[in-house]
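Report on the structure
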Amino acid sequence: MSFEAPKGTHDVLPRECPGWRRVIDEAERLCNAYGYRRIVTPTFEETELFARSSGEASDIVSKEMYSFDDRGGRSLTLRPEGTAQVCRAYVEHGLQREPQPVKTWMVAPMFRYARPQRGRFREFWQLSVEAIGCDDPAIDAELIALQAAWLKALGIETTLLLNSIGDRACRPAYLERLEAWLDEHSSELDAEARHKHETSPLRVFDTKNPALATLLEGAPTIGDALCAECSEHFEAVRRYLDACGVAYMLAPRLVRGLDYYTRTAFEFVAPGLGAQDTVSAGGRYDYLVETIGGPPTPAVGFASGIERVVLSAEQDETASELGIDIFFICEPGAPRERVLALMVSLRAGGRSCETDYAGRSLKGQLTQAQRLGAKLTVIAAAGGVTLRRHGQLDESVSYERLEEELG
Ligand code: ATP
Ligand code: MG
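Our subject in this report is the structure included herewith. Source: prediction; values computed, not measured.

1. With respect to the packing of helix α5 (residues 137–153) against helix α9 (residues 228–243)
At a closest axis distance of 8 Å, the pairing of α5 and α9 adopts a crossing angle of 45°. Put simply, α5 runs oblique to α9. Judged by the sense of rotation from one axis to the other, the crossing of α5 with α9 is right-handed. Contact with α5, carried on its side by P137, A138, D140, A141 and I144, involves H233, A236, V237, Y240 and L241 of α9 and no other residues of that element. Considered class by class, the residues forming the contact of α5 with α9 number eight nonpolar, one polar and one charged.

Structure, rendered in structure tokens:
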């Protein structure tokens, strides 16, 4: 009998971890620099939280959630995204009483039952960054600048697509126009679009069908229907992005997949990833907090797929694993206990050490030391040790001297 990782999941093997670490370390560094603080939320939540916040017609709620009843009969769902959770925590812990905006970030696994492909998994990791309790367009620009800085630091070339999708004041009238247009063209719509027309018409634009996308080029766009407040807000976001040197392309048909989004919507697209080319996406969600029972609270955030970022950063991967400090080779008759004890105290002091646990020959151990990039190789024999440093003459010392020198 043999086992494989469940369909749509993946392992990150030790040799792949430096690439992952670089992506996540860089995110942490920039989130700190931008004043975002880490938050950790549970892996699962009440199903209703996601159903309420994402909307019944969203991809996530309609077909992608991993939901189950626990032994107490509660319906729980493995988190498909992080924003609703952070907002739940904001309301539950009364974070509106703290200085606003509350700025958070997390890197965590997400779960969606989707068809696995390159860059699309059933368990995947996301960086999610939120700024809750603030409608200043400068914070939209800040979040976008943070992503741009992160992707740039990783050497990933992206295009930023930007749009505004209006709010409660202007969207209803626009939706009437859109629905009238969709009625006129209903025979040309695909099944998915016809369904969205019934449930959440703005999302017809969120399509992966090229023929439909071409058809929709003739549809009215929300950008032409924004109210004065939304237009002003959007203009300010653009002004601040210009000031920060962040380039963008206006994308009048860009919408977000979830119901709670308002105003600013954006996506960072990386060519070369194929069909799954969106590495980071987000926007403003001014109605989410009240939708889940909190006070009216404007907010904005984004989420990035770590796997996709790692995939696109790969070509630029220059960070190799740094070598270890010391490799201990034990010749036959060497006092292994003494060597192991010395390694314990060196490691406690922060020095990285390795030795052989595979019964290698002297030659094999030398090769292993080289493979690990050891800065110093200590060859331990019965009566004393030899120190070997790259490009230097060997040096013989006693065990007492060795402990003094290294300890
Ligand atoms: P898509 O249109 O690709 O399904 P989405 O609109 O569902 O994306 P979001 O909910 O906005 O995606 O998630 C933000 C980011 O998380 C995406 O831009 C992508 O980088 C990543 N992501 C989303 N779903 C997956 C998945 N199944 N596997 C890997 N990464 C994903
Ligand atoms: Mg999706």
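Let's pick the thread back up.
2. Looking at the site of ligand 1
In the neighbourhood of ligand 1, 14 residues make up the surrounding shell, with R120, F121, K208, R256 and T278 lying closest. In the environment of ligand 1, an oxygen atom lies 3.3 Å from a nitrogen or oxygen atom belonging to the backbone of V279. Between ligand 1 and the protein, one listed contact pairs an oxygen atom with a backbone N or O atom of G305 at 3.1 Å. A total of 580 Å² of accessible area belongs to ligand 1 in isolation, and the protein chains cover 90% of it.

3. Quick look at α9
Taking 1.5 Å per residue as the helical rise, α9 with its 16 residues ought to reach 22 Å, and the 22 Å between its terminal C-alpha atoms agrees with that figure. Looking at α9, one finds that the buried residues are C230, H233, F234, A236, V237 and L241. Down the axis of α9, the buried set is contained in an arc of 160°. They therefore lie on one face. Turned more than 90 degrees off the buried face of α9, the exposed positions are A228, E232, R239 and A243. On its buried face, α9 sits against α5, β7 (159–164), β8 (249–250), β9 (262–269) and β10 (278–284).

Cut-offs used in this document
- Residues numbered from 1 in each chain as written.
- Chains lettered and ligands numbered in written order.
- Predicted model: local features only at pLDDT ≥ 70, side-chain atom pairs only at ≥ 80, totals over all residues.
- Heavy atoms only, no water.
- Axes fitted to C-alpha atoms, helices over the stretch in contact; angles between N-to-C directions.
- Helix = DSSP H or I, 4+ residues; strand = E, 2+ residues; numbered from the N terminus.
- Parallel < 35°, antiparallel > 145°, perpendicular 65-115°, else oblique.
- Left-handed = near helix turned anticlockwise from the far one by under 90°.
- Contact = heavy atoms within 4.5 Å.
- Nonpolar A, V, L, I, M, F, W, Y, C, P; charged D, E, K, R; others polar.
- Near = heavy atom within 4 Å.
- Polar contact = N/O pair within 3.5 Å; in protein donor to acceptor, adjacent residues only side chain to side chain.
- Areas by Shrake-Rupley, 256 points an atom, 1.4 Å probe, with all protein chains shown as cover.
- Expected span 1.5 Å × (residues − 1).
- Buried < 20%, exposed > 50% of the residue type's maximum accessible area, 1.4 Å probe, protein only.
- Arc of directions from axis to C-beta.

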